[in-house]
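Structural description and commentary
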Amino acid sequence: MASESGESNMDREMILADFQACTGIDNIAEAITLLELNNWDLVAAINGVIPQENGILQSNFSSEASQAGIFGPPSQSEAADAAAGGAVPTPSSSSLSSSPPSSSTSAFCPVNSASASSSSSSSSRQIVERQPRMLNFRVEYRQRTVDLVLEEGSTVGEIKTILETELAVPVSKMQLKGWKSGDVSDTTVMRSLHLPKNNSLYVLTPEIASTAGTSTSKNRSRLNQNFLLVISHREAQRDYSLNFPGSKTIQEVKRNVSDLTNIPVRHQQWDGWPASASDDSMTLAVSGITFPCHHLSVCRRSSAANSQEPTEECADVHMVSDSDADDFEDASEFGVDDSEMFGLGSSTCRKAPMMPENSENEADALLHFTAEFSSRYGETHPMFFIGTLEAASQEAFYGKARDRKLLAIYLHNDDSVLSNVFCSQMMCADSIVAYLSQNFITWAWDVTKEANKARLLTMCTRHFGSVVTQTIRTYKTDQFPLLLIVMGKRTSNEVLNVIQGNTTVDELMMRLMGAMEIFTAQQLEDIKDEDEREIRETVKREQDEAYRVSLEADRKKREAQEREEAEQNRLERKRKEQEDEKEAIRLSLEHSLPVEPDEDSAEQISKLRIRTPSGEFLERRFLSSCKLQVLFDFVASKGFPFEEFKLLTTFPRKNITQLDPGADLLEAKLFPQETLFLEAKE
């Protein structure tokens, strides 16, 4: 019997160790209680504490199965789950589930060596058979999120097939990103990727245009966008390409068109505005026009005769190749007239100016410049910055270092024979337009009129200094147009390059790229300095915050100490007052007591011994005719007030303080002598 009891205790110790290892319960008493509730059935106790996802542990299997080494290490996929924050293969993991008898077994929790070595002799060991491992995927596509659960043996292509149904995106246009191992093919089996249980992916569709978000965020973003309005003047048979910010109102657009067409706003008749653009005070952002380009047409509200006035268009200029550019300055030596060389005969009508003279508003002047440039040379041209030169400089130079760009200032002069070729073949070349748009802020000005040139020189003096102004003055009319490449520096702005009109596309691109190399080197230094400065400022802010928090903690601690001290002082004063009050009452009672009678007094005397809670005795003689109140006052005068203590007889036990204080000692049977004891009231 002793041997069987010892073996039973050993089995229970091993079951207890296995149960604690599997559940993580460190409290032995709690673990024993849970096992006793399940009659020391290990699997039942584990299932009671940790519910399983795909089934419960099976508690019946043969001893041969227990000898098969079921407590092996976790698989590679299970280790990936643990690394990703999932559960280690324990009874709480989804890997503990039933599967066909032919599937391999897997460990469900760590066990000690003693337990493992004795598993072959125990008929109550458990086996865990695994079902196919399931993987969770959260896939994001624009504003949508799709949750998927697939077996580990599935392929990447199967995920795409499901997403094609959910997102209505063809598999051929879908790029599934977010894999830890980089891009994978559609035939890749997910088991080979060793994925964790929970995974996050996202879908890219470069060939499908993104839909708009909510109307509020859309309108807010559209306010900062530039809209290209292609306005057809039907009477003049002429198109204007005008750039407007989304914050411009329809009324302001109509006023600008009035300046171009000489049609007052009240006489304008429009076609192409959306039905939602019912109010001229609406901004372009909320008017419903298409982005980035919207087509409109305008004409005058008048008679048919007025609408059919003949108009003449300027003849198109002859576009020369890059190889002809070197001969521009020498053309006059061969007796070739400039106007004949560029296809401009004397019969050709005079062009409209690129920029009105003495325009009060620089932005309006640049709008006119952009519209005229588009009408002459087409819509493929650099996006000219609409605003002042100061605003263009701010946009290019004074943002964060990573966002800064070079400033390209295009200076146009209609009196130069090079202007038409430079604009049509250089400024409108696709490569030049793309490079300028990506790396430069392009600002333009027309210096054909002396008033506009003087205004430009004033602006350049203010922003770049007199050196740049003097440089522009030195160029003659036939050297225009000019393209100034300006780079912002810490203390001042520097003109890196001045590109004249007699250049080729290749040379222009090389000079732009050369300026870009200089700018990139400077930008990298600025980014480094800015990052270091931000780190210093962050450290300083953190130190200041830590110091502030420390001061605040010290202040609160000091205030708490002051409150505690004040409370202690208050309690001490109150205690002192109470003690003084008690002492005054005690002295008053002591003085009011009658004189203690002598032992040989002729009157009847009661001799009383009173035991205090500390074990001391109070003795006094009283006349038997004295009232109980005199006894109570005597006890109170010794520091045992009637309100806090009760006076009891020894045998039989009787509470004297509950008797009538007006009764005498004789009536209370405290005669001729009695021993009493004091006890604190509860």
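For the structure, see preceding data.
Residues numbered from 1 in each chain as written. Predicted model: local features only at pLDDT ≥ 70, side-chain atom pairs only at ≥ 80, totals over all residues. Heavy atoms only, no water.

Broken down by element type, the chain carries 19 helices and 16 strands. Counting across all 682 residues of the chain, residues that qualify as buried make up 40%. Within the chain, counting contacts between residues at least 6 apart in sequence, those at least 24 apart form 66% of the total. A total accessible area of about 38,200 Å² is found for the chain, and carbon and sulfur atoms account for 49% of it. (Helix = DSSP H or I, 4+ residues; strand = E, 2+ residues; numbered from the N terminus. Buried < 20%, exposed > 50% of the residue type's maximum accessible area, 1.4 Å probe, protein only. Contact = heavy atoms within 4.5 Å. Areas by Shrake-Rupley, 256 points an atom, 1.4 Å probe, with all protein chains shown as cover.)

On to the pairing of strand S13 (residues 605-611). Look at any regular strand and the pattern is simple: side chains alternate between the two faces of the sheet. Relative to strand S14 (residues 617-623), S13 runs antiparallel, the two being bridged by 7 bridges. Bridge assignment links serine 606 to a residue of S14, and that residue is phenylalanine 622. With antiparallel pairing between neighbouring strands as the criterion, S13 and S14 make up a hairpin whose turn holds 5 residues, including glycine 615 at a positive phi of roughly 100 degrees. Pairing of S13 with strand S16 (residues 673-680), which is carried by 5 bridges, proceeds in the parallel orientation. When the bridges of S16 are listed, arginine 611 appears paired with phenylalanine 677. (Pairing = 2+ DSSP bridges.)

Counting residues in hydrophobic clusters, the biggest one holds 57 residues, and the most contacted among them are Phe373, Leu407, Trp443 and Leu512. With 7 residues, helix H18 (residues 505-592) is the single largest residue contributor to this core. By size, the runner-up hydrophobic cluster in this structure holds 22 residues, among which are Leu593, Ile610, Cys626 and Phe634. (Core = buried A, V, L, I, M, F, W, Y, C linked by side-chain atoms within 4.5 Å.)

Time to look at helix H19 (residues 628-637). In terms of burial, H19 is largely enclosed, as 9 of its 10 residues are buried. With its phi angle positive at about 100 degrees, glycine 639 sits one or two positions after the end of H19.

Strand order across the open sheet formed by 4 strands is S10-S9-S11-S12, with mixed pairing between neighbours. Two strands lie at the open edges of the sheet, namely strand S10 (440-446) and strand S12 (493-499), each paired on one side alone. Across the sheet, the mean angle from the axis of one strand to that of its neighbour is 25 degrees, orientation sign disregarded. Sheet analysis places strand S9 (residues 406-412) next to strand S11 (residues 482-488), joined by 5 bridges and oriented antiparallel. For leucine 411, the partnering residue across the bridge sits in S11 and is leucine 482. (Axes fitted to C-alpha atoms, helices over the stretch in contact; angles between N-to-C directions.)

Where helix H16 (residues 450-464) contacts helix H17 (residues 466-474), the two axes come as close as 7 Å, and the packing angle between them is 145 degrees. Contact residues: H16 offers Leu457, Cys460, Thr461 and Phe464, while H17 offers Val468, Thr469, Ile472 and Arg473. For the contact of H16 with H17, the residue count by class is 5 nonpolar, 2 polar and 1 charged. (Nonpolar A, V, L, I, M, F, W, Y, C, P; charged D, E, K, R; others polar.)

Our focus in this paragraph is the sheet that holds strand S3 (residues 175-177). Here we have 4 strands laid out as an open sheet, ordered S2-S1-S4-S3, and mixed in their pairing. Looking at strand neighbours, the two that pair on one side only are strand S2 (144-151) and S3, the edges of this open sheet. For this sheet, the mean inter-axis angle between neighbouring strands, taken without regard to orientation, is 30 degrees.

Evaluated as defined, the whole model comprises 15 aromatic pairs. Each ring, one from phenylalanine 137 and one from tryptophan 179, has its centre 6.2 Å from the other, and the planes form 65 degrees; the classification is edge-to-face. With phenylalanine 137 in strand S1 (residues 134-141) and tryptophan 179 in the loop between S3 and strand S4 (198-204), this residue pair connects regions lying 42 residues apart in the sequence. Of the two residues, phenylalanine 137 and tryptophan 179, neither departs from the other in class, the shared state being buried. Taken together, the ring pairs connect Phe369, Phe373, Tyr377, Phe384, Tyr410 and Phe422 into an aromatic cluster. Directly above the aromatic system of phenylalanine 617 lies the positively charged group of arginine 609, at a separation of 4.3 Å from the ring centroid. (Phe/Tyr/Trp six-rings, centres within 6.5 Å; stacked < 30°, edge-to-face > 60°. Lys NZ or Arg CZ within 6 Å of the ring centre and 35° of its normal.)

Attention now moves to the pattern of salt bridges. Per the counting criterion, the structure on display carries 29 salt bridges. Between arginine 555 and glutamate 559 there is a salt bridge, with its nearest N and O atoms 2.6 Å apart. Here arginine 555 and its partner glutamate 559 are both found in helix H18, 4 residues apart, which amounts to about one turn of the helix. In this structure arginine 555 comes out as partly exposed when scored by relative accessible area, which is 30%. Within the structure, one salt-bridge network assembled from shared partners comprises Arg238, Glu372, Arg376 and Asp414. (Salt bridge = Lys/Arg side-chain N within 4 Å of Asp/Glu carboxyl O.)

Bringing unusual backbone geometry into the picture now. Cis peptide bonds are those with omega within 30 degrees of zero, and the linkage from phenylalanine 480 to proline 481 qualifies with 0 degrees. As for its position among the elements, proline 481 is in the loop between H17 and S11. A cis amide bond, omega -10 degrees, links phenylalanine 651 with the succeeding residue proline 652. Along the polypeptide, proline 652 turns up in the loop between strand S15 (645-649) and S16. The phi torsion at alanine 168 lies on the positive side, around 60 degrees, for a residue other than glycine. Structurally, alanine 168 is set in the loop between helix H7 (156-167) and S3.

The subject of this paragraph is the pairing of S10. Most of S10 is tucked away: 7 of the 7 residues are buried. Of the two faces of S10, the one holding Phe440, Thr442, Ala444 and Asp446 and the one holding Ile441, Trp443 and Trp445 are both buried throughout. Pairing of S9 with S10, which is carried by 7 bridges, proceeds in the parallel orientation. Note that in S10 the partner of isoleucine 409 across the bridge is tryptophan 443.

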